[in-house]
Amino acid sequence: MTAGAHAADASVREADAVSEGGDRLPDSVRALQRDGDGVLLLSHNRNALLAADIGVGITDPQGRPPWGADLYLDGDPASAVVIVEACRTARETALRGVRLAQAAAVIGATAVLAGRARRPAARGVTAFNAAAALGTAAGVWSAVRLLRRPPPLTASQHPWHAMDPATVLARAGGSDGGLTAEEARARVDPTGERPPTTSLGRAYLAEMANPLTPVLGAGAAMSASVGAVLDAVVIVAVTALSGLFGGFQRHRTDRAVAHLRRESAVMAKVVRDGEEITVPAEELAVGDVVNLNPGEVVPADGRLLEAHHMEVDESALTGESLPVAKNVAPVLASELGNRTSMVYEGTTVAAGHGRAVVVATGTATEAGRAAADGRGAAPSVGVERRLARITRTTLPVPLGSAAAVVAAGMLRGRPTRDTVGAGVGLAVASVPEGLPFLVSAAQLASARRLSARAALVRDPRAIEAAGRTDVLCFDKTGTLTQGRISLVAVAVGGDGDGRPLESLADEHDAVLAAALRATPCPHNGRELEHATDGAVTAGAKDAGVSRSTAAPGWRRTSSLPFEPSRGFHATRGRCGKRRILSVKGAPEEVVKRCATLSGRRVDRKGRKAILSAGEKLAAKGRRVLAVAELREAPGGKLTDEAVDGLEFLGFLAFADRVRGSARDAVSRIADAGVHIVMITGDHPGTAESMARELGVLDGRRVVTGAELDDLDDRALDELLPEVGVVARGTPCTGSAWCRRSNAWAARSR
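This is a predicted model, so every value here is computed, not measured.

A.B. asks: Just to check I follow, could you spell out the pairing of strand β7 (residues 275–280) for this structure?
C.D. replies: Across six bridges, the pairing between strand β6 (residues 267–272) and β7 is antiparallel. Bridging from a neighbouring strand, K269 pairs with T278 of β7. Hairpin connection between β6 and β7: a loop of two residues separates the two successive antiparallel strands, and D273 in this loop has a positive phi of roughly 55 degrees.

Given below as C-alpha cells:
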C-alpha cells in the first residue's frame, strides 16, 4: 500500500492500494493491524512509525531523519522498494524452508521405519542434512537474485523539454563538440540493461519450476528410502526428460531472439573528440551529442540542439500515428507527445535532420522506464494453476490411503518395515509422474505449429494462457493499423466529407492531380522525405491519377520545398503556353492565399467556411492538407510572396489505414467473449473513430490516459468493464492498465 506524498512516485506505482496519509496515517496503520496484518511502514511521520510493527524512516525534504524508526533511509522511496522486496524474498524463502523441513521429516521417518540398510537412523539424518543443504542453497540463490535486480527507477528531476539548449548542455555536462572518449567511458552506466544471457541449464531449471516437481521429487526420495530404487529412477528420469524437452524449446527460442536482437542493434552517430563516429547505442552516455538523419532510429532520449525540417515517428512510444514536427524551442508540456523539443529512444526520424544532446540512456529512458514498469512477477498461467490445483486436490488422497494401509497393517500385527513400505509404495504409485511430460509434449507440439507461421514461442506454457484470455489490450498503431500514413479520401471545394480513393469522380481526380504536381519526385528509388508526400504519390498511383491529369503535357519548371515555417509546398510548371502554380500544405496557410473558389471570389467569411470543412474532415481522425492552383501564374522567380491569388480546389485526408485482417480478427475475438480494449496515443476523437470502424467500442466508453492517472485502483476496477478505448495513453499508462486488467480478470474467474 502507498499513502501520502509518495503515492504518485514511479517507484511505487505497483502498489496494491492507496491509504490515507498525513495526520491520518497512524489511524491507517492501526486499522490494518486490527485486520490482523503486520505493518512495515516507510515514512517520515514519527507517530505512524511508532505505531507500525516495523518502522523504516525516510528523511523529510529538509534531510531530517524521523528519530525512533527501526531503520533509516534517504529521501528516495525507490531505495525503500528494495527493503520491501527483501521482505518478500525472505518470506518466500522461509516458506520454502518450512516445506523442505516437512518433506525431510517424512522422508527421514520413512527411512528409519522402513529402511533396508543396517543403519536406518543414519539414513534419516542424511535426509535432514540434505534438506538443510538444499534450503541453504535456495536461500543463497534467492539473495543473489535479489541483489542482482536493477534498482527501481525514479522520475527524472530535470524538465529538459522546458530548458533552452545551452542550459541542457550545462546540466548534462556536455558541449557542442561532444564528449571526449575518456569522458564517455567514465559516464557509461555499468548497471544499464544488458541482453539476457541464454543457457540450456538455465532454461532447464526454468522448466522444472512447476507445482508437481517438488511432489515428484519427494516421491522419488521416499521410494529410494524404502529400497524401491527402480521406482525412484523412473520418476526422476521422466521428470528430467520432461524438463529437458521444454528447456530445449525455450533455449532454442532464446537463441533466435538473441540473434534477432544482435541483427537489429541500434547504432548511433555520436560526436566524440570533435569527430563523428558510429557506436552501439549501449555505449552512449549522458552529455553525448548525436546526429540524427532521416530513417534512423533515435538511440537515446535527447534534447534537440538543432532541428531542420525535422519530423519524428513516435508511434512506437506514444501511439501517435502521424509524424510529429520537432523544433529546438523550449516547451511546457506534461504529455510526451507534446514535447516537441525532445526526441525519445526507439522512435524514428521520418524527415529532416538534427542534433541532440543525450539526457537519458538504457533503462532511464522513457521507453526503458515503461518496459521496467511493465515487468513484475509473472502471473501463473493456466497450466501451472491447474497442476497446482491437481496437486492440492489429489495429494491428500494418496497420503490418506497410505496412512490407512499403514494403520491397517499395524493393527494386524505386520512388521513395521513391511507396513510402511507398502504405504509408501501406494502413495508413490498415486503420483502422476507422466503428467508433466504429457503437458510439455502438448505444448511443444503447439509451439512447433506456431513456428511454421513465423511465431517464436519462448515459453510454451504461454500458449495455453493465451487461449484463456479474458481481457485483450491492443496497441492500435502498427498492430491494428498498418503503421504508416496513407491517403484515404479526397474532398472537392468546401466539402467536409470527401470520397474514398475507390470512388473518385473527375473533379476529385483534378484535386489529386494538382496535389501530385505540388509533390516532389523521388530520385534514384529513394523514399520521399515527408510521409505525406509518399502517401500522395502512392494514393495517386492507386487511383490511376498522374501529374498530367487535367493538365496535358505538364512539366515542372520551379518549386518551393516544404518547410515548417512555410507550411506548404509549391510547384510551378508549364502546360502548353500556360504556367500552372500548384500548392499543397496546411489548410490555414493555403486558404489565406486563396482568392477564389469554383470561380467565385471568397472573403474572410468564405475562408472561414472552407477551414470549417477541413476541421470536419480532421474530426474524423484524419490529417488534412489543402490543395490550390493558379492556372495563369506569372513568371519570374518563385517566392513565398508569389504564392497568392490561388483558386481553392479541395482537401486531401490522410490516416493510418486499418489492416485488412484486423476487423475480422477483432470480431472473432469479441465473439469468443473476450473484452477488447484498444490503447493508443491518438486524440480521443481519432481513437473513437478508429474504434467504431473496427467494432471495438460496442457501447463502451473512451477514456484518456490522464483520466486513468487520476483514479485509484478501486475506481479503476469499477471503470474497467465499461472501457473500450484508452486514448492519449503513454507506455506507463498501458502497462498499468494491463496490470489492473489482470487483477480484474482473476477476480472475475
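A.B. asks: What is the right way to look at the sheet that holds strand β3 (residues 40–43) in this model?
C.D. replies: Paired through their backbone hydrogen bonds, the strands of a sheet run either parallel or antiparallel. Strands sit in the order β3-β4-β5 across an open sheet of three strands; the sheet is parallel. With one partner strand each, in any of the chains shown, β3 and β5 (71–73) form the two edges of the open sheet. For this sheet, the mean angle separating the axes of adjacent strands, direction not counted, is 20 degrees. The sheet contact formed by strand β4 (residues 54–58) and β5 spans three bridges and is parallel. Residue pairing for β5: G57 is matched across the bridge by Y72.

A.B. asks: Help me understand the packing of aromatic side chains, please; the structure alone is not making it clear to me.
C.D. replies: In this description, a pair of aromatic rings is defined by centroid distance and the angle of the planes. Scanning the entire structure with this criterion turns up two aromatic pairs. Their ring planes at 65 degrees and their centres at 5.7 Å tell us that W67 and Y72 sit as a pair that is edge-to-face. Between the aromatic rings of F648 and F651, the centroid separation amounts to 5.1 Å while the plane-to-plane angle is 65 degrees, which identifies the pairing as edge-to-face. The two residues F648 and F651 agree in class, both being buried.

A.B. asks: What should I look at first to understand the side chain of T519 in this one?
C.D. replies: Following the sequence through the fold, T519 ends up in the loop between α18 (506–517) and α19 (531–543). On the basis of relative accessibility, which here comes to 0%, the residue T519 falls in the buried class.

A.B. asks: Mind showing me how you'd approach helix α23 (residues 684–694) here?
C.D. replies: Because an α-helix packs 3.6 residues into every turn, residues spaced three or four apart end up facing the same way. Of the residues making up α23, those classed as buried are T686, A687, M690, A691 and L694. Looking down the long axis of α23, one finds its buried residues gathered within 130 degrees of arc, a one-sided arrangement. On its buried face, α23 sits against α17 (476–480), β14 (481–492), β22 (646–658), α22 (662–671), β23 (675–679) and β25 (723–727). Once α23 ends, the next one or two residues include G695, with phi positive near 80 degrees.

A.B. asks: Sorry if this is basic, but what is going on with the sheet that holds strand β13 (residues 471–475) here?
C.D. replies: The strand order across the open sheet built from four strands is β13-β23-β25-β24, with neighbouring strands paired in parallel fashion. Strand pairing shows two members of the sheet lacking a second neighbour, β13 and β24 (701–704), which therefore form its edges. Going from strand to strand, the sheet's axes swing by 20 degrees on average, the running direction of each strand aside. Sheet topology places β24 next to β25; four bridges connect them, and they run parallel. Within β25, the position partnered with T704 by the bridge is A727.

A.B. asks: Would you mind going over the packing of α18 against α19 with me for this structure?
C.D. replies: For any two helices packed against each other, one specifies the inter-axial angle together with the distance between the axes. At a minimum axis distance of 10 Å, the contact between α18 and α19 shows a crossing angle of 140 degrees. Overall, the two elements α18 and α19 adopt an arrangement that is oblique. The handedness of the crossing between α18 and α19 comes out as left-handed. Residues L512, A515 and L516 of α18 touch α19, and the partners they reach there are V536, T537, G539, A540 and A543. Looking at side-chain class alone, the contact of α18 with α19 contains six nonpolar, two polar and no charged residues.

A.B. asks: Can you help me understand a nonpolar patch on the surface in this one?
C.D. replies: Together, L200, L241, L244, F245 and F248 line one region of the surface with nonpolar side chains, adding up to about 430 Å² of accessible area. Classification of F245 as partly exposed rests on a relative accessible area of 37%.

A.B. asks: Looking at this structure, I do not really get the pattern of salt bridges. What am I missing?
C.D. replies: Once their charged atoms are close, side chains differing in charge can pair, the charge on each being opposite to the other. Tallied over the full model, the rule gives 18 salt bridges. We note a salt bridge from D640 to R566, for which the minimum N-O separation is 2.9 Å. Here R566 lies in the loop between β16 (555–560) and β17 (568–575) and D640 lies in the loop between β21 (623–630) and β22, a separation of 74 residues in the sequence. Residue classification places D640 among the partly exposed residues on the basis of a relative accessible area of 26%. A salt bridge links K592 to E589, with the nearest nitrogen and oxygen atoms 3.4 Å apart. Given the relative accessible area of 49%, K592 is considered partly exposed.

A.B. asks: Any chance you could explain the nonpolar core here in plain terms?
C.D. replies: If you look at soluble globular proteins, the nonpolar side chains tend to sit buried side by side. Ranked by size, the top nonpolar core spans 24 residues in total, and within it L581, V583, V643, L646, F648 and F651 carry the most contacts. At the level of elements, β17, β18 (578–585), α20 (587–591), β19 (594–597), α21 (604–618), β21 and β22 are the ones that each hand at least two residues to this core. Take this core: its biggest share by element is four residues, from β21. Discounting chain neighbours no more than four positions away, the residues touching V643 are L560, F568, A570, L581, V583, R593 and L638. By size, the runner-up hydrophobic cluster in this structure holds 20 residues, among which are L501, L512, A513 and A535.

A.B. asks: Honestly, the environment of L179 in this entry has me stumped. Any pointers?
C.D. replies: Along the chain, the position of L179 falls in the loop between α5 (165–172) and α6 (181–187). Given a relative accessible area of 1%, L179 falls into the buried group. It is 9.4 Å that separates the C-alpha atoms of L179 and V286, two residues lying 107 residues apart in sequence.

A.B. asks: What is the right way to look at the packing of helix α13 (residues 396–411) against helix α14 (residues 416–429) in this model?
C.D. replies: Contact geometry of α13 with α14 gives a least axis separation of 8 Å together with a crossing angle of 160 degrees. The orientation of α13 relative to α14 falls into the category roughly antiparallel. α14 is crossed by α13, and the crossing has right-handed handedness. Touching P398, S401, A402, V405, V406, G409 and M410 of α13 are T416, T419, V420, A422, G423, L426 and A427, all from α14. For the contact of α13 with α14, a count of residues per class yields nine nonpolar, five polar and no charged.

Criteria and cut-off values
- Residues numbered from 1 in each chain as written.
- Predicted model: local features only at pLDDT ≥ 70, side-chain atom pairs only at ≥ 80, totals over all residues.
- Heavy atoms only, no water.
- Pairing = 2+ DSSP bridges.
- Helix = DSSP H or I, 4+ residues; strand = E, 2+ residues; numbered from the N terminus.
- Axes fitted to C-alpha atoms, helices over the stretch in contact; angles between N-to-C directions.
- Phe/Tyr/Trp six-rings, centres within 6.5 Å; stacked < 30°, edge-to-face > 60°.
- Buried < 20%, exposed > 50% of the residue type's maximum accessible area, 1.4 Å probe, protein only.
- Arc of directions from axis to C-beta.
- Contact = heavy atoms within 4.5 Å.
- Parallel < 35°, antiparallel > 145°, perpendicular 65-115°, else oblique.
- Left-handed = near helix turned anticlockwise from the far one by under 90°.
- Nonpolar A, V, L, I, M, F, W, Y, C, P; charged D, E, K, R; others polar.
- Patch = residues over 30% accessible without salt bridge, like charges linked within 9 Å, V, L, I, M, F, W, Y side chains within 5 Å.
- Areas by Shrake-Rupley, 256 points an atom, 1.4 Å probe, with all protein chains shown as cover.
- Salt bridge = Lys/Arg side-chain N within 4 Å of Asp/Glu carboxyl O.
- Core = buried A, V, L, I, M, F, W, Y, C linked by side-chain atoms within 4.5 Å.

The analysis is restricted to geometry; functional conclusions fall outside its scope.
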